[in-house]
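Coordinate inspection notes
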Amino acid sequence: MDCDRLWHDARLATLAASAPGPGIVEHGVIAARDGRIVHVGAAADAPGFNASETIDCEGRWITPGLIDPHTHLVWGGDRAAEFELRLAGASYEEIARAGGGIVSTMAATRAASEDELLAATLPRLDALIAEGATTVEVKSGYGLSLQGELKQLRVARALGRHRDVGIRATFLGAHALPPEYVGNPDGYIDLVCNEILPAVAAEHLADAVDAFCEGIGFSPAQVRRVFTAAKALGLPVKLHAEQLSNLHGAALAAEFGAISADHLEYLDDDGISAMARSGTVATLLPGAYYFVRETKLPPIEALRAAGVPIALATDCNPGTSPLTSPLLTMNMAATLFRLTVDECLAGVTRNAARALGLEAETGTLEAGKSCDLAIWDIERPAQLVYRMGFNPLHTRVWRGR
Ligand code: DI6
Ligand code: FE
């Protein structure tokens, strides 16, 4: 078999859905051609290879490249002062209602140029990449105006030209109410649906549409309008649902065939059944749970019982999760949410791909998929979840390189 590159003497965690657990293959090989995996499996069963380049992995572990399926990576300014207010006793919701929070980041993001935003964002992206991320979702939602949202999404797209990483951009115009529309949230939703979203779609700046369904965000009726507009433009939807309260957002998302519903601490049984029926991924964000000192756990056992796939993401944002570590995200999911090691691994690979609608493209080590690999200096996969603040990445491969 002809190939460009062949990795051998590796231990594989393929994460293939057809295999039990993380799909372990001892003495494994992976062959790639034109950026795609053309063969993966045990060396003993492999065909003969004619490879341009052969890489001896010396027994290291290979997993799929990691996927961070929920970030707000592009923002201007900083919220460390708000963090100090919270340490002094103010709650996240109090700060938001007092005009801080998301709206303060909006002001700083509007004030920054595209180049400034790009320069502020690249170090955050680099931190994800340094831990083996090969695909990262990036949301808008700090512009909250036509020009502001377009600017943020253009920066998200530019990230993929400045780094070797897959970027999925998500339009989150319905993230918070901008000051111009205080008292008139439906007027802002008109702007989102009738002006911003069509402009975003015309420039192909978004791969999906999201909204923040919450008391301090938008109502289910308003989200429904955004989703209806997204569907009319052929864009898949996802939702920030049940983070701080239960507005039955997950069920609404499922009704629209959402690829994911995210956060979900206050998710109820009806929401779980609806997600199971629609195949909507539950994207859990333990960094936000930790950082806002939430105490209500997402209903992990019920999600498991219903067979809802669970993905994990950093939710990297300046207000509730200034986290740029997929590895620490896994550790938090295990420690705080009691996910197993296998669930954590699937959460940042196979299920994260599904949460982005990329399950045919990446997220597992299988022939036909993009050759996105993370090669680790570890003795067993549990070490990726177990340690805190330690990065055993040896090599990262994106699209075969
Ligand atoms: N939920 C969150 O946790 C972030 N956005 C959202 O809808 C918070 C964003 C921020 O505080 O800046
Ligand atoms: Fe978020």
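Attention here is on the structure that accompanies the text. (Residues numbered from 1 in each chain as written. Chains lettered and ligands numbered in written order. Predicted model: local features only at pLDDT ≥ 70, side-chain atom pairs only at ≥ 80, totals over all residues. Heavy atoms only, no water.)

Quick look at the overall build of the chain
Counting its regular elements, the chain contains 15 helices and 15 strands. The C-alpha atoms of the chain give a radius of gyration of 21 Å, which matches the 21 Å a tight globule of 401 residues would have. Its C-alpha atoms give the chain principal-axis dimensions of about 70 × 40 × 40 Å. Counting the 401 residues in the chain, one finds 58% classified as buried. Taking the contacts inside the chain whose residues are at least 6 apart along the sequence as the reference set, 72% of them involve residues at least 24 apart. For the chain, the accessible surface area stands at approximately 15,200 Å², while carbon and sulfur atoms represent 52% of it. (Helix = DSSP H or I, 4+ residues; strand = E, 2+ residues; numbered from the N terminus. Rg over C-alpha atoms; globule rule 2.2 N^0.38 Å. Buried < 20%, exposed > 50% of the residue type's maximum accessible area, 1.4 Å probe, protein only. Contact = heavy atoms within 4.5 Å. Areas by Shrake-Rupley, 256 points an atom, 1.4 Å probe, with all protein chains shown as cover.)

A few points about the nonpolar core
L125, V136, F171, L264 and M330 are the most contacted members of the largest nonpolar core, which has 95 residues in total. Core analysis: the second largest hydrophobic core is formed by 15 residues, I30, I37, I55 and L365 among them. (Core = buried A, V, L, I, M, F, W, Y, C linked by side-chain atoms within 4.5 Å.)

Some remarks on the site of ligand 1
Taken together, 14 residues form the shell around ligand 1, and within it R79, Y92, Y142, H175 and T320 come nearest. One of the side-chain nitrogen or oxygen atoms of Q243 is found 3.0 Å away from a nitrogen atom of ligand 1. Contact between ligand 1 and D315: an oxygen atom at 3.4 Å from a side-chain N or O atom of the residue. Taken by itself ligand 1 offers 320 Å² of open surface, and the protein chains cover 100% of this. (Near = heavy atom within 4 Å. Polar contact = N/O pair within 3.5 Å; in protein donor to acceptor, adjacent residues only side chain to side chain.)

Remarks on the packing of aromatic side chains
The final tally for this structure, using the stated rule, is five aromatic pairs. Three or more aromatic residues joined by ring pairs form one cluster here, namely Y181, Y188 and F218. Positioned over the ring face of W75 is R124, at 3.4 Å from the centre of the ring. The residue whose ring lies beneath R387 is F390, and the NZ or CZ to ring-centre distance is 3.6 Å. (Phe/Tyr/Trp six-rings, centres within 6.5 Å; stacked < 30°, edge-to-face > 60°. Lys NZ or Arg CZ within 6 Å of the ring centre and 35° of its normal.)

As for the coordination of the iron ion (ligand 2)
Protein coordination at the iron ion (ligand 2): the donors are H70 (NE2), H72 (NE2), H240 (NE2) and D315 (OD), at 2.1 to 2.3 Å from the metal. Viewed at the metal, the four donor atoms of the iron ion (ligand 2) are separated by angles of 81 to 167°, and the geometry they form is irregular. Donor residues for the iron ion (ligand 2), ordered by position in the chain, follow H-x1-H-x167-H-x74-D. With a gap of 243 residues between them, H72 in the loop between β6 (66–68) and α1 (80–87) and D315 in the loop between β13 (310–312) and α12 (326–337) connect regions that are remote in the sequence. In this structure H72 comes out as buried when scored by relative accessible area, which is 2%. On the accessibility criterion, D315 (1% relative accessible area) is buried. (Donors = N, O, S within 2.8 Å, 3.2 Å for Na, K, Ca; no water. Tetrahedral: all angles 85-135°; square planar, octahedral: opposite > 155°, others 65-115°.)

Observations concerning the environment of P198
Mapped onto the elements, P198 comes out in helix α6 (residues 185–202). Residue P198 is classed as partly exposed on the basis of its relative accessible area, which comes to 31%. Taking the C-alpha atoms as reference, P198 lies 44 Å from P20; in sequence the two are 178 residues apart. In contact with P198, not counting residues within four places along its chain, are V192, C193 and L233.

Description of α6
Relative to the 26 Å expected for 18 residues at 1.5 Å per residue, α6 spans 24 Å between its end C-alpha atoms, a close match to the ideal helical length. The principal kink in α6, of about 35°, is found at V192. Along α6, the residues that are buried comprise G187, Y188, I189, L191, V192, C193, I196, L197 and V200. Elements that come into contact with the buried residues of α6 comprise α5 (146–162), β8 (166–174), β9 (208–213) and α7 (220–232). Trailing α6 by a residue or two, H204 shows a phi angle of about 50°, which is positive. (Expected span 1.5 Å × (residues − 1). Bend = angle between axes of the 7 residues up to and from the residue.)

Observations concerning the pairing of strand β1 (residues 2–13)
As defined by bridge partners, β1 adjoins strand β4 (residues 50–56) across six bridges and the pair is classed as parallel. Considered in β4, the bridge of W7 is made with I55. Taken together, the six bridges between β1 and strand β2 (residues 24–33) define a ladder with antiparallel strand orientation. In the sheet register, L6 faces β2, and the bridge partner there is A31. (Pairing = 2+ DSSP bridges.)

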